[in-house]
Amino acid sequence: MKNKNFPLLSVIIPVYNAEKHIEKCIQSIYTQSYQPIEIILIDDGSTDNSGAIAEGIAGRNNNILFFRQKNCGVSAARNTGLRMASGDYITFVDAD
């Protein structure tokens, strides 16, 4: 996934009960012009379909990673994403 010309950007998205917004959120990031990118989705114990939606999208895209954890809050989800990230730069995006 590393590109010699551009550094890899890791985008971490904590997901909690965001089924109304998660597809649009992922699509808006995925279609950016800067492409050495990985998107890391952390389902933080959602009780709606947002985890299943995120997992389905990740299953169809090699540079989108999906992780599920029990509900521990947004900070814990971001920390999980940090542990999984492999980018040279990291940013956080809210699912909504």
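For the structure, see preceding data.
Right, let's walk through the structure included here. (Residues numbered from 1 in each chain as written. Predicted model: local features only at pLDDT ≥ 70, side-chain atom pairs only at ≥ 80, totals over all residues. Heavy atoms only, no water.)

Digging into the environment of Tyr30
Note that Tyr30 resides in helix 1 (residues 22-30). In this structure Tyr30 touches Gln35, Ile39, Asn61, Asn63 and Ile64, once residues within four positions along its chain are discounted. (Helix = DSSP H or I, 4+ residues; strand = E, 2+ residues; numbered from the N terminus. Contact = heavy atoms within 4.5 Å.)

Some words on the sheet that holds strand 4 (residues 89-92)
The strand order across the open sheet formed by four strands is 3-2-1-4, and the pairing between neighbours is parallel. The strands lining the two open edges of the sheet, one partner per strand, are strand 3 (64-69) and strand 4. For this sheet, the mean angle separating the axes of adjacent strands, direction not counted, is 20°. Pairing between strand 1 (residues 9-15) and strand 4: four bridges, direction parallel. Within strand 4, the residue paired with Leu9 across the bridge is Tyr89. Sitting on the sheet, helix 2 (residues 50-59) touches strand 1, strand 2 (37-44) and strand 3, and the angle it makes with strand 3 is about 150°. (Pairing = 2+ DSSP bridges. Axes fitted to C-alpha atoms, helices over the stretch in contact; angles between N-to-C directions.)

Concerning the nonpolar core
Grouped together as the largest cluster of nonpolar side chains are 17 residues, with contacts concentrated most on Ile13, Ile22, Ile29, Leu41 and Ile64. The set of elements that each furnish at least two residues to this core consists of strand 1, helix 1, strand 2, helix 2 and strand 3. Among the elements that take part in this core, helix 1 stands out by supplying four residues, more than any other. Setting aside its immediate chain neighbours within four residues, Ile22 contacts Ile13, Val15, Ser50, Ile53, Ala54 and Ala95. (Core = buried A, V, L, I, M, F, W, Y, C linked by side-chain atoms within 4.5 Å. Buried < 20%, exposed > 50% of the residue type's maximum accessible area, 1.4 Å probe, protein only.)

Some points on the environment of Arg60
Within the fold, Arg60 resides in the loop between helix 2 and strand 3. A distance of 3.1 Å separates a polar atom in the side chain of Arg60 from the backbone oxygen of Gly56. (Polar contact = N/O pair within 3.5 Å; in protein donor to acceptor, adjacent residues only side chain to side chain.)

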